[in-house]
Amino acid sequence: DAFGQALTLVYRVLFLFFAEARGLVPLWHPIYRDRYSVQRLCDLAADPKARGIWDSLQAVGRLAHSGCHAGTLRVTAYNGRLFAPATAPLVDLPHLSEDAARDTLVSLSTRPAPDGEGRQRIAYRDLGVEQLGAVYETLLDYVPEVTRKPQRGRARPATTVTLRTGSGHAKAHGQLLHP
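Residues numbered from 1 in each chain as written. Predicted model: local features only at pLDDT ≥ 70, side-chain atom pairs only at ≥ 80, totals over all residues. Heavy atoms only, no water.

1. Details of the side chain of glutamine 5
Argument step 1. Secondary-structure assignment places glutamine 5 in helix H1 (residues 2-21).
Argument step 2. For glutamine 5, the side chain forms a polar contact with the main-chain nitrogen of leucine 90, separated by 2.7 Å. (Helix = DSSP H or I, 4+ residues; strand = E, 2+ residues; numbered from the N terminus. Polar contact = N/O pair within 3.5 Å; in protein donor to acceptor, adjacent residues only side chain to side chain.)

2. Here we look at the packing of aromatic side chains
Any pair of aromatic rings gets described here by the distance separating the centres and the angle formed by the planes.
Argument step 1. The full count for this structure, using the stated rule, is five aromatic pairs.
Argument step 2. Taken together, a centroid distance of 6.4 Å and an interplanar angle of 35 degrees make the contact between tyrosine 32 and tyrosine 36 tilted. Remark: tyrosine 36 and tyrosine 32 occur in helix H2 (residues 30-36); sequence separation between them is four residues, near one turn of the helix.
Argument step 3. Owing to a relative accessible area of 3%, tyrosine 32 belongs among the buried residues under this scheme.
Argument step 4. In textbook terms, an aromatic cluster arises when at least three aromatic residues are bridged by ring pairs, as seen for Phe15, Tyr78 and Phe83. (Phe/Tyr/Trp six-rings, centres within 6.5 Å; stacked < 30°, edge-to-face > 60°. Buried < 20%, exposed > 50% of the residue type's maximum accessible area, 1.4 Å probe, protein only.)

3. What to know about the packing of helix H4 (residues 53-66) against helix H5 (residues 98-109)
Argument step 1. Packing of H4 against H5 brings their axes to within 8 Å, and their N-to-C directions diverge by 60 degrees. In this structure, H4 uses Ile53, Trp54, Asp55 and Leu57 to contact H5, whose residues at the interface are Glu98, Ala101, Arg102 and Leu105.
Argument step 2. Taken together, the residues of the contact of H4 with H5 sort by class into five nonpolar, no polar and three charged. (Axes fitted to C-alpha atoms, helices over the stretch in contact; angles between N-to-C directions. Contact = heavy atoms within 4.5 Å. Nonpolar A, V, L, I, M, F, W, Y, C, P; charged D, E, K, R; others polar.)

4. As for the environment of glutamine 151
Argument step 1. Within the secondary structure, glutamine 151 sits in the loop between strand S5 (142-149) and strand S6 (158-165).
Argument step 2. For glutamine 151, the residues in contact, after removing those within four places along its chain, are Arg156, Pro157 and Ala158.

5. Regarding the confidence of the model for the protein
Argument step 1. When pLDDT is averaged across the protein, the result is 82; 89% of the residues are at 70 or more.
Argument step 2. Per-element confidence in the protein is highest for strand S2 (residues 73-75), whose mean pLDDT is 94, and lowest for helix H7 (residues 169-172), whose mean pLDDT is 50.
Argument step 3. This stretch, residues 173-179, has a pLDDT under 50; its non-local contacts, to residues over four places away or in other chains, come to 15 contacts. (pLDDT = per-residue confidence, 0-100.)

6. Some remarks on the side chain of serine 37
Argument step 1. Relative to the helices and strands, serine 37 resides in the loop between H2 and helix H3 (38-45).
Argument step 2. For serine 37, a relative accessible area of 3% translates into the label buried.
Argument step 3. Within the local environment of serine 37, its side chain forms a polar contact with the backbone oxygen of arginine 33, the two atoms lying 2.9 Å apart.
Argument step 4. If near-sequence neighbours (up to four positions away) are discounted, serine 37 is found in contact with Glu20, Leu27 and Tyr32.

7. Let's talk about the environment of alanine 77
Argument step 1. Along the chain, alanine 77 turns up in the loop between S2 and H5.
Argument step 2. For alanine 77, the contacting residues outside a window of four places in its chain are Ala64, His65, Ser66 and Gly67.

Put into structure tokens, the structure is as follows:
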């Protein structure tokens, strides 16, 4: 269940990258552009000292779900299941990892540079629906691997979840997640 909710978060971010690149959200408005765009969050994520990335990502999701009509800022609500709080209640928890939020944004917004030095931005404007579908199918092939390690002085073990490439079983058998 947690893995499915994490995938929903990834799909939300991918959708917002696509929406921003196609002008489906008011990037022209300075409040949206400077406070709510995922591109701005990616700029913040590039700074390892930046804080509040997780809180900002949650706020962007709430805005996408509820929409907004405040002064000259008009954001259309996306009423589907993707942004519905009930679809991924874990995403609303306040104490999830800043580093995980940062890594997610960097991973979804950049790719390794062709010369192997650093990373370059992904141009979501140039991606077609078929390519986004391929990303969706690729994500379905990953399997979460949970590791718990005891921590000295703490009652609860530290839990780490990593993704490893699966067998393709879910995709091959039509077991698709529906965010």
